[in-house]
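For reference, the chains in residue letters:
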Amino acid sequence: MLKDKRTILRVFFLFSLLIGFHHSYQPVGAQVDEITWTQPFNLSNSPLTSTDPFLLADPAGVAHLFWAEKVGTAPGNQPDTLMYSQWDGKNWSQPIDLFFAPISDGNLVIGYPHAVLDEYGVIHLIWIAQPNYPNYTLFYSSAPASQAQFVHAWKPRIALADNATGTKYSIHLAVSAPNTIHVIYASGAQGIGRKEARGVAYLRSPDGGETWSVAQTLYLSPVMEWGASDTRLLYEPPNKLYASWTVWDETGNGRAIYFTRSLDQGITWEKATPLTQKKSEDEYERDWNSMAILEPGHLVAMYEGGFAAFRNVMYSMDSGKTWSEPVDVFPRLVGENGFVEFARDSNNTLHLFYAQRNRTISPARQNIPGSEETLWHSIWLGEAGWREPTIAGGYYAMINPKVVIVSGNQVVAAWYAPPDYEIIVMTGRIETAPPLPRKEWSDNLLLERTPPSSLVTLESSRLGTLQPTLTPTPAIVSTTVNKPTNPAVLMLFAISPVLVIVILSLLIRKFFSR
């Protein structure tokens, strides 16, 4: 009898070990992500081209989404209309067209919308169009954030500059208190026979966009064939502005990333100097720089480049006066897929999102072209640096994704990708961060308007309730991550017949021994 009890104890001890192993199992090198994601879906659902999404977080619990889309019937596939939709925490609003390139513009092109939200709840929006081919014009408009879904809430567009180069992502803006708007853009005429070098210029409005300064030159290319792109602005209260941009050469690739700063809210600027540059012609490029504030005076700059499209990181402990040497921050990833995105949650944790692919394609996905390219997520751990990245949601091909955090713990992502060139959106929830109360904007900004019946000029087939649970996921490679099989499960299945036989034998033996 004593022997039977020992046998039973041993069996149940083995069974308990396997159960514990099953619950504690985690693949080697895997990192548990704190974000629960929904399925992505096609928001634009356009018949032609939709590109260049831009997301703006609103403390009212809303994510504002702008993008460029081909709507008109003119020849070509260039976007000609600036589109808008908003996420209210549950659903997306019906897309509406805010601005379009009129026939009088000549070349019907609209691109690269960017926006900021000021302390009064007003959205300030810039984009480029081409009324003076081959030159580009920088346009501006604004609207109360609470009324942004109404076309008539937006002020008529005004031209801020007519000498923009129109190169990729060559406009950017920032806002600082009190009510000051800062704009940076790549300047210089296009075409053959130019007499002026291309460069970077800065504009400033001290009164919320009512009046603007004369453009101030921050940089001029030393070679006529060179130019600037990928301009970025970052504001650190109370008075510091940081700016960076890519300088490209005859090849079209980034030769260097330049940096400058202002210590008096943009009134004066220091001389621009290279933050990083190619060390030899064998290297690929320097491009796609983004900046963030880790803590007061402590900056991070993350860009793409090196001998291939690697993510490199640099740090400054003195507000951009000096910088550390670059480090390949995520050594197993590669790919030129746009900027990185920084966002903070309600715990003040800094999150990082970016698109790249594995440098070595996994055997399970080697026959799926581009399937290793997806959105990755990391967080800043302080002295420990950046956490090992995890896949955000699944494998999805994408170009230059945009990500924001609203209400403290809701993550909103948007991107576009070939071959369909649609705006794809995805939302998630940070399980480790509590929600924040929604801010109510002042009533004096509300416009007593009702949207006219002709506001939405899209085809009726594109309208309807836009809910992630009702809208099909686009077929862009995959929607789930292939997870490795837990070996504890296999072991439990393997020994289950033995356990049954042992237990039955002991019960029968006990019965007949009476």
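Everything below is about the structure shown above.
Residues numbered from 1 in each chain as written. Predicted model: local features only at pLDDT ≥ 70, side-chain atom pairs only at ≥ 80, totals over all residues. Heavy atoms only, no water.

S.K.: Explain the overall build of the protein chain here, please?
M.R.: When its secondary structure is counted, the protein chain shows two helices and 30 strands. Each of the 514 residues in the protein chain was classed as buried or not, and the buried ones make up 54%. Of the contacts made within the protein chain by residues no fewer than 6 positions apart, 55% connect residues no fewer than 24 positions apart. Total accessible area on the protein chain stands at roughly 23900 Å², and carbon and sulfur atoms take up 58% of it. (Helix = DSSP H or I, 4+ residues; strand = E, 2+ residues; numbered from the N terminus. Buried < 20%, exposed > 50% of the residue type's maximum accessible area, 1.4 Å probe, protein only. Contact = heavy atoms within 4.5 Å. Areas by Shrake-Rupley, 256 points an atom, 1.4 Å probe, with all protein chains shown as cover.)

S.K.: Where do I start with the packing of aromatic side chains in this structure?
M.R.: The geometry of an aromatic ring pair is captured by two quantities: the separation of the ring centres and the angle between the planes. Counted according to the given criterion, the structure contains 23 aromatic pairs. Taking 6.0 Å as the distance between ring centres and 90° as the angle between the ring planes, the aromatic pair formed by F66 and W154 counts as edge-to-face. Taken as a pair, F66 in strand β4 (residues 62–69) and W154 in the loop between β9 (135–144) and β10 (158–164) lie far apart in primary sequence, 88 residues in all. Residues F66 and W154 agree in their burial class; the two are buried. (Phe/Tyr/Trp six-rings, centres within 6.5 Å; stacked < 30°, edge-to-face > 60°.)

S.K.: Whenever I open this one, the environment of H114 confuses me. Can you help?
M.R.: Here H114 is to be found in strand β7 (residues 107–117). H114 has contacts with F54, H124, L125, I126, Y169, I171, H172 and L173, leaving out every residue within four places of it along the chain. A distance of 2.9 Å separates a polar atom in the side chain of H114 from the backbone oxygen of Y112. (Polar contact = N/O pair within 3.5 Å; in protein donor to acceptor, adjacent residues only side chain to side chain.)

S.K.: What should I look at first to understand the side chain of D58 in this one?
M.R.: Relative to the assigned elements, D58 resides in strand β3 (residues 50–58). The side chain of D58 sits in the buried core without any salt bridge; K439 is the nearest counter-charge, 8.5 Å away. A polar side-chain atom of D58 sits 2.9 Å from a polar atom in the side chain of H64. With near-sequence residues (within four places) excluded, D58 lies in contact with H64, L117, A145, V406 and W441. (Lys, Arg positive; Asp, Glu negative; His and termini not counted. Salt bridge = Lys/Arg side-chain N within 4 Å of Asp/Glu carboxyl O.)

S.K.: I tried to follow the side chain of T260 on my own but got confused; where do I start?
M.R.: Position of T260 relative to the elements: it lies in strand β17 (residues 254–262). T260 has contacts with L241, Y242, A243, W245, W269, E270, K271 and A272, leaving out every residue within four places of it along the chain.

S.K.: Honestly, the nonpolar core in this entry has me stumped. Any pointers?
M.R.: Side chains of a nonpolar character, in soluble globular proteins, are inclined to be buried together. Core analysis: the biggest nonpolar cluster contains 39 residues, and L65, W92 and L138 have the highest contact counts within it. If we ignore the near neighbours within four places in the chain, the residues touching L65 are L43, P53, F54, L55, M83, Y84, S85, W92, A414, I423 and V425. Membership of the second largest hydrophobic core comes to 28 residues, among which are F54, L56, A129 and W154. (Core = buried A, V, L, I, M, F, W, Y, C linked by side-chain atoms within 4.5 Å.)

S.K.: Hey, could you run me through the sheet that holds β4 in this one?
M.R.: Strands belonging to one sheet form pairs held by backbone hydrogen bonds; the direction of such a pair is parallel or antiparallel. Here we have four strands laid out as an open sheet, ordered β3-β4-β5-β6, and antiparallel in their pairing. Since the sheet does not close on itself, it has two edges, and those belong to β3 and β6 (96–100), each with one partner. The sheet shows a mean angle of 25° between the axes of neighbouring strands, taken without regard to direction. With four bridges joining them, strand β5 (residues 81–87) and β6 adopt antiparallel strand pairing. Within β6, the residue paired with T81 across the bridge is F100. (Pairing = 2+ DSSP bridges. Axes fitted to C-alpha atoms, helices over the stretch in contact; angles between N-to-C directions.)

S.K.: Explain the layout of surface pockets to me, please; I cannot follow it from the model alone.
M.R.: In this approach a probe as big as a water molecule rolls over the atoms, and the regions it shows empty are the leftover space. By volume, the largest pocket amounts to about 1400 Å³. Lining the largest pocket are 37 residues, and of these L56, A57, L234, F342 and A343 sit closest to its centre. Of the residues in the lining of the largest pocket, the class split is 27 nonpolar, five polar and five charged. (1 Å grid on protein atoms, 1.4 Å probe; cavity = no way out; pocket = protein on both sides within 12 Å on 5 of 7 lines; lining within 4 Å. Points joined across faces, edges and corners; volume = space filled by probe spheres on them. Nonpolar A, V, L, I, M, F, W, Y, C, P; charged D, E, K, R; others polar.)

S.K.: Would you take a moment to explain the sheet that holds strand β19 (residues 285–295) for this structure?
M.R.: One open sheet accounts for four strands, arranged β19-β20-β21-β22; its pairing is antiparallel. Edge positions in the sheet fall to β19 and β22 (327–328), since each has one partner strand and no second.

S.K.: How should I be thinking about the environment of T322 in this particular structure?
M.R.: Structurally, T322 can be placed in the loop between β21 (310–316) and β22. By relative accessible area, T322 is classed as partly exposed at 43%. The spacing of T322 and L275 is 47 residues in sequence and 9.3 Å in space, taken between C-alpha atoms. In this structure the side chain of T322 is engaged in a polar contact, spanning 2.6 Å, whose partner is the side chain of D318.

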